[in-house]
Amino acid sequence: RAHALDSRTSIDLAEYLGDYPNADVGAADIHTTQMYRGRRVRAHNQRPLPRRVVLDQNLARLVGYYISEGSSQGTNRWGNPTGSNFAFHRDEREYIDDVEHLIETCFHLPCTERDGNGKCRLVINNSGPLQSVLAKWCGQGAAHKHLPDWASASLDIKRALLCGMFRGDGSIVGGHAGVPAIIK
């Protein structure tokens, strides 16, 4: 689906959560629901996603980070995503702080950090709906990641997206910019 977007446009996240079974889409927010005693109720441990997010340089840079450093935490027993991880070298404090700030700014969601394997530092967001949106925009797994359909909205959006990608695993090889498809 092609969008005619500019840097002042917002994106309706409900468009990307149509098949997410636990999404309660309201006018302003998208809440996560769960079954309790035979009926669906709002999950008390999940902050809602905003219904609309502004397509700006902050969102584009965050998505660039996701393409190069982001991954899914996996799925719960019902097959729904449980959240996102962003993996950085522990010395990349500027990028770690940037991702945390961008998730808070764009989606009003908290993050935590923890040590990963070796010298890795993980930024963790436990929002399944956010991971579902990121996966719909960009794919999931190194071999299946791609640019979102709104990536060509404006030159500023393209620059910010590339900034996030290059702060991660992005590189220029033979005059072509890209992110390694599979990192071993």
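Residues numbered from 1 in each chain as written. Predicted model: local features only at pLDDT ≥ 70, side-chain atom pairs only at ≥ 80, totals over all residues. Heavy atoms only, no water.

**Describing the packing of helix α1 (residues 57–69) against helix α3 (residues 128–138)**
The relative placement of two packed helices is expressed as an angle between their axes plus a distance between the axes.
Reasoning step 1: As a packed pair, α1 and α3 sit with axes 11 Å apart at the nearest point and diverge in direction by 80 degrees. Considering their axes alone, α1 and α3 lie roughly perpendicular with respect to each other. Where α1 abuts α3, its residues Leu-59, Val-63, Tyr-66 and Ile-67 lie against Gln-131, Leu-134, Ala-135, Trp-137 and Cys-138.
Reasoning step 2: Residues of the contact of α1 with α3, tallied by class, amount to eight nonpolar, one polar and no charged. (Axes fitted to C-alpha atoms, helices over the stretch in contact; angles between N-to-C directions. Helix = DSSP H or I, 4+ residues; strand = E, 2+ residues; numbered from the N terminus. Parallel < 35°, antiparallel > 145°, perpendicular 65-115°, else oblique. Contact = heavy atoms within 4.5 Å. Nonpolar A, V, L, I, M, F, W, Y, C, P; charged D, E, K, R; others polar.)

**Some words on the nonpolar core**
Reasoning step 1: With 37 residues, the main nonpolar core has Leu-59, Val-63, Phe-86, Phe-107 and Trp-137 as its most contacted residues.
Reasoning step 2: Listing elements by their share of this core, those giving two or more residues are α1, β8 (84–89), α2 (93–107), α3 and α4 (155–167).
Reasoning step 3: Ranked by residues supplied to this core, first place goes to α1 with seven residues.
Reasoning step 4: In this view, Leu-59 contacts Ile-11, Val-53, Val-54, Cys-106, Phe-107 and Trp-137; residues no more than four positions away in its chain are not counted. (Core = buried A, V, L, I, M, F, W, Y, C linked by side-chain atoms within 4.5 Å. Buried < 20%, exposed > 50% of the residue type's maximum accessible area, 1.4 Å probe, protein only.)

**Description of the environment of Lys-158**
Reasoning step 1: Following the sequence through the fold, Lys-158 ends up in helix α4.
Reasoning step 2: Between the alpha carbons of Lys-158 and Ala-60 there is a distance of 7.5 Å; along the sequence they are 98 residues apart.
Reasoning step 3: Those residues within four positions of Lys-158 in sequence are excluded, and the remaining contacts are Ala-151 and Ser-152.

**Comments concerning the pairing of strand β9 (residues 112–115)**
Reasoning step 1: Taken together, the four bridges between β9 and strand β10 (residues 120–125) define a ladder with antiparallel strand orientation. The partner of Arg-114 across the bridge, within β10, is Leu-122.
Reasoning step 2: Adjacent in sequence and paired antiparallel, β9 and β10 are bridged by four residues, among which Gly-118 carries a positive phi angle near 60 degrees. (Pairing = 2+ DSSP bridges.)

**Overview of the side chain of Ser-154**
Reasoning step 1: Relative to the helices and strands, Ser-154 resides in the loop between α3 and α4.
Reasoning step 2: By relative accessible area, Ser-154 is classed as buried at 18%.
Reasoning step 3: A polar contact of 3.2 Å, which involves the side chain of Ser-154, links it to the backbone nitrogen of Ile-157. (Polar contact = N/O pair within 3.5 Å; in protein donor to acceptor, adjacent residues only side chain to side chain.)

**Observations concerning the pattern of salt bridges**
Reasoning step 1: If you walk through the whole model with that rule in mind, you get ten salt bridges.
Reasoning step 2: A salt bridge links Arg-159 to Asp-156; the shortest N-O distance between them is 3.9 Å. Here Arg-159 and its partner Asp-156 are both found in helix α4, three residues apart, which amounts to about one turn of the helix.
Reasoning step 3: Residue Asp-156 is classed as partly exposed on the basis of its relative accessible area, which comes to 35%.
Reasoning step 4: Via salt bridges that share partners, Arg-93, Asp-97, Glu-113, Asp-115 and Arg-121 belong to a single interconnected network. (Salt bridge = Lys/Arg side-chain N within 4 Å of Asp/Glu carboxyl O.)

**Quick notes on the pairing of β8**
Reasoning step 1: In the sheet, strand β7 (residues 70–72) pairs with β8 via three bridges, with the strands oriented antiparallel. Looking across to β8, one finds that Ser-71 is bridged to Asn-85.

**Points about the packing of aromatic side chains**
Reasoning step 1: Counted under the stated rule, the structure contains six aromatic pairs.
Reasoning step 2: When the centroid spacing of 6.5 Å and the interplanar angle of 50 degrees are considered together, the rings of Phe-88 and Tyr-95 count as tilted.
Reasoning step 3: Take Phe-88: its relative accessible area is 2%, and that puts it in the buried class.
Reasoning step 4: Under the relative-accessibility criterion, Tyr-95 is labelled partly exposed at 21%.
Reasoning step 5: For the ring pair Trp-137 and Trp-150, a centre distance of 5.4 Å and an interplane angle of 90 degrees mean the geometry is edge-to-face. Here the residue Trp-137 occupies a position in helix α3, and Trp-150 occupies one in the loop between α3 and α4, the gap between them amounting to 13 residues. Across the pair, Trp-150 and Trp-137 agree in class, each one buried.
Reasoning step 6: A cation sits over an aromatic face here: Lys-145 above Tyr-66, 4.5 Å from the ring centre. (Phe/Tyr/Trp six-rings, centres within 6.5 Å; stacked < 30°, edge-to-face > 60°. Lys NZ or Arg CZ within 6 Å of the ring centre and 35° of its normal.)

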